[in-house]
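Chain by chain, the residues:
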Protein chains: 2
Amino acid sequence: MYIPADFDQSDPAAIAELCAASPLATLVVMTSHGMVANHIPLLAEGDGFIGHVALANPLHHDVTPDMPALAIFTAADWYVSPNWYPSKAQTHRAVPTWNYSAVHVHGTLEFSHAESEKRRVVSKLTTHFESQTNGAGGWRMGDAPGDFLKDKLANIVAFRLHVTRIEAKAKLNQNRSHDDVQGVAGEFEKRGNAGLARAMRTGGQSE
Amino acid sequence: MYIPADFDQSDPAAIAELCAASPLATLVVMTSHGMVANHIPLLAEGDGFIGHVALANPLHHDVTPDMPALAIFTAADWYVSPNWYPSKAQTHRAVPTWNYSAVHVHGTLEFSHAESEKRRVVSKLTTHFESQTNGAGGWRMGDAPGDFLKDKLANIVAFRLHVTRIEAKAKLNQNRSHDDVQGVAGEFEKRGNAGLARAMRTGGQSE
């Protein structure tokens, strides 16, 4: 990813926050029959990420242990009009741009067909997302009948993304004046994108 | 992308709608030094897409005319709790999933350094996004001083994405009963994701 110095996101806490807040990663691999991308929720675990795919998804056949994989996490994004920079009214020296943040995790994939590992991964993902979504009243794997769950587990493959390199970009008008940043953040708020406005006001750093 | 029959999006109008509504594409190429992704607003034009990158972005050096490129457009996504299916209370035969829609445009990239083409591309993108964002009061290229704009154009490279193949997926609980779909859509609405709820209620078809 092209990352000018102003937009380099090197704060590990901000990187982890973005991956946790926007967990549906775009997972891209270059297979022998071309580039293949899938959209898969990933959860950070230790120095890697865990997830699973359908057994019917050819991905786990196509990928070899040393094949490069790229998991892309993206936060909210929005068009930026030059009209929103207070400085524009003075100098007119402004052009449109786009604000966004993204984390690119490069690594390799290790698949597992072991039921114990699949159960562990699904349980961890479920506990995480249910507690986030429904709190103490969240769904548990034990709510489903055992035979049904066994069948569901038989139809997935778990995997771990081993990380080799992370690049991250927070493109949030850091190259503009404080007033211009506040001007754009204010427009984002008015237009219903409070999350992106908040990221701009903290300069992409973790809160 | 793995696309089970229930989730295959083959409606050209719905595909075009998603690309227009979520124009910041993730553009992936496999270069001689690995997989590289950039986040770039793309606008449909004829049977392809147009966009531009910074001159300082090595992408236009790294890409050859026949190198496969993949532009990924994604709409809103959200975790789906089994608790939101009315049928779950009866059968308990439900597991979590994730709802999302994505369009994968496979093709090749043709870069242009000609000022006339760069001006044409920037003007078309600007007119499109400004009229969408600010209506009749939108910013125009003519608002900026000529020398400033000339300098800005000298620092970008325009490109066209020639399309070879499009795959699209609308994973919106189409494999569940009508009541389950409405249950999940209702939860999304309550939780502030009206766009995804609307997509679910139309089954991913264009409106």
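Calculation criteria
- Residues numbered from 1 in each chain as written.
- Chains lettered and ligands numbered in written order.
- Predicted model: local features only at pLDDT ≥ 70, side-chain atom pairs only at ≥ 80, totals over all residues.
- Helix = DSSP H or I, 4+ residues; strand = E, 2+ residues; numbered from the N terminus.
- Contact = placed C-beta atoms within 7 Å.
- Least-squares fit on C-alpha atoms with pLDDT ≥ 70 in both.
- Buried ≥ 20, exposed ≤ 12 C-beta atoms within 10 Å, placed from the backbone.
- pLDDT = per-residue confidence, 0-100.
- Pairing = 2+ DSSP bridges.
- Nonpolar A, V, L, I, M, F, W, Y, C, P; charged D, E, K, R; others polar.
- Axes fitted to C-alpha atoms, helices over the stretch in contact; angles between N-to-C directions.
- Parallel < 35°, antiparallel > 145°, perpendicular 65-115°, else oblique.
- Left-handed = near helix turned anticlockwise from the far one by under 90°.
- Arc of directions from axis to C-beta.
- Expected span 1.5 Å × (residues − 1).

Attention now goes to the overall build of chain A. Helices and strands together make up the secondary structure of chain A, namely seven helices and eight strands. Seen through its C-alpha atoms, chain A measures out along the principal axes to roughly 70 × 45 × 25 Å. Considering only intrachain contacts with a sequence separation of at least 6, the fraction spanning at least 24 residues in chain A is 73%.

Let us now look at the relation of the copies chain A and chain B. Mapping between the two copies of the chain is achieved by a rotation about an axis and a shift along the axis. Screw-axis analysis of chain A against chain B gives a translation of 0.0 Å along the axis, an RMSD of 0.0 Å, and a rotation angle of 180 degrees. This pairing of chains is accounted for by a two-fold axis. For chain A, the minimum C-alpha distance to the rotation axis belongs to M30 of chain A and amounts to 3.6 Å. The overlap is high: 100% of the interface residues of chain A also sit at the interface in chain B, so the same surface is used on both sides.

On to unusual backbone geometry, then. In this model, H92 of chain A sits at a positive phi of 60 degrees, which is unusual for a non-glycine residue. Within the element layout of this structure, H92 of chain A appears in the loop between α3 (86-91) and β7 (97-112). Note on H92 of chain A: 15 C-beta atoms within 10 Å, which makes it partly exposed. For N173 of chain B, which is not glycine, the phi dihedral falls at a positive 65 degrees.

Looking at chain A as a whole, its pLDDT mean stands at 95, while 99% of the residues score no less than 70. Listed scores for the predicted complex are pTM 0.97 and ipTM 0.96.

So, on to the pairing of strand β5 (residues 69-74) of chain A. Residue and element names in this part refer to chain A. By the criterion of burial, β5 is predominantly enclosed, with six of the six residues buried. Bridge count for strand β1 (residues 24-31) against β5 is four bridges, and the pairing is antiparallel. Bridge pairing links L27 to A71 in β5. The sheet contact formed by β5 and β7 spans six bridges and is antiparallel. Its bridge partner being in β7, T74 is matched across the sheet by A102.

The interface of chain A with chain B comprises 46 residues on the first partner and 46 residues on the second. Of all the elements in the fold, those that place two or more residues in the side of chain A that touches chain B are β1, β2 (34-41), β5, β7, α4 (115-134) and α5 (146-154) of chain A. Ranked by the residues each element gives to the side of chain A that touches chain B, the list is headed by β2 of chain A, at seven residues. Taken together, the residues of the side of chain A that touches chain B break down into 28 nonpolar, 13 polar and five charged.

This brings us to the packing of helix α6 (residues 178-190) of chain B against helix α7 (residues 194-201) of chain B. All names here are of chain B. Interaxial distance between α6 and α7 falls to 7 Å at its minimum, and their mutual angle equals 165 degrees. Here α6 lies roughly antiparallel to α7, going by the angle between them. As for how α6 packs across α7, the hand of that crossing is left-handed. Here α6 contributes V181, V184, A185, F188 and E189 to the contact with α7, which in turn contributes A194, L196, A197, M200 and R201. Looking at side-chain class alone, the contact of α6 with α7 contains eight nonpolar, no polar and two charged residues.

Now for helix α1 (residues 12-21) of chain B. All names here are of chain B. Inspection of α1 places A14, I15, L18 and C19 among the buried residues, and these make up the whole buried set. Down the axis of α1, the buried side of the element spans an arc of 135 degrees, and every buried residue falls inside it. Of the exposed residues in α1, those oriented more than 90 degrees away from the buried face are P12 and A13. The inward-facing, buried residues of α1 contact β3 (43-45), β5 (69-74), β7 (97-112) and β8 (156-171).

All names here are of chain B. Here A194 is to be found in helix α7. For A194, a count of 13 C-beta atoms within 10 Å gives the class partly exposed. Along the backbone, A194 and A76 are 118 residues apart, and their C-alpha atoms lie at a distance of 9.6 Å.

Here we come to α6 of chain B. Compared with an ideal rise of 1.5 Å per residue, which puts 13 residues at 18 Å, α6 of chain B spans 18 Å between its outermost C-alpha atoms and is within 8% of the ideal. Structurally, α6 of chain B contributes buried residues whose contacts are with β6 (78-80) and α7 of chain B.

Moving on, we get to the pairing of β7 of chain A. All names here are of chain A. Bridging between strand β6 (residues 78-80) and β7 involves three bridges; their strand directions are antiparallel. Bridge assignment links V80 to a residue of β7, and that residue is T97. As paired elements, β7 and strand β8 (residues 156-171) share 13 bridges and run antiparallel to each other. Across the sheet, the residue bridging to T108 is H162, located in β8.

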